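A look at the structure
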Amino acid sequence: MTDSEKLDLLLEKVDSLEDKVGSVERDISGLKRQLMKSTAELKATDEMILDDVERVHTILDKHKADKAVHTA
């Protein structure tokens, strides 16, 4: 194998690696966007759950304070 052939082979491999790195970078970027979206959705869900827990807690406190409903 001549030096020129070796150089051509190396250049092909470098080009292939550059393509693969570009593909990996695009995949990582997509995953970052997906992770940020999922995180935002989870935060919204958490907030909704906590709001509902607070609402139920308020209802229970009002019920405990209403002596008319405790006749036992």
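Scroll up to find the structure.
Here we summarise the structure given alongside this text. (Residues numbered from 1 in each chain as written. Predicted model: local features only at pLDDT ≥ 70, side-chain atom pairs only at ≥ 80, totals over all residues. Heavy atoms only, no water.)

Check the secondary structure of the protein and you find 1 helix and 0 strands. A compact globule built from 72 residues would reach a C-alpha radius of gyration of about 11 Å, whereas the protein, at 31 Å, exceeds it by more than 25%. Along the first, second and third principal axes, the C-alpha set of the protein runs to 100 × 20 × 10 Å. Counting over 72 residues, the protein shows a buried share of 1%. Side-chain charges in the protein split into 12 positive and 17 negative, and the spacing between the mean points of these groups amounts to 8 Å. (Helix = DSSP H or I, 4+ residues; strand = E, 2+ residues; numbered from the N terminus. Rg over C-alpha atoms; globule rule 2.2 N^0.38 Å. Buried < 20%, exposed > 50% of the residue type's maximum accessible area, 1.4 Å probe, protein only. Lys, Arg positive; Asp, Glu negative; His and termini not counted. Charge placed at Lys NZ, Arg CZ, Asp CG, Glu CD.)

Using the criterion set out here, one finds 1 salt bridge in the structure. The shortest N-O distance in the salt bridge between aspartate 52 and arginine 55 comes to 2.9 Å. One end of the pair, aspartate 52, and the other, arginine 55, are both in helix α1 (residues 3-65), 3 residues apart, so they sit about a helical turn from each other. (Salt bridge = Lys/Arg side-chain N within 4 Å of Asp/Glu carboxyl O.)

With that settled, consider a negative patch on the surface. Taken together, the side chains of Glu5, Asp8, Glu12, Asp15, Glu18 and Asp19 define an acidic patch exposed on the protein surface. On the basis of relative accessible area, glutamate 5 is assigned to the partly exposed category, the value being 44%. (Patch = residues over 30% accessible without salt bridge, like charges linked within 9 Å, V, L, I, M, F, W, Y side chains within 5 Å. Areas by Shrake-Rupley, 256 points an atom, 1.4 Å probe, with all protein chains shown as cover.)

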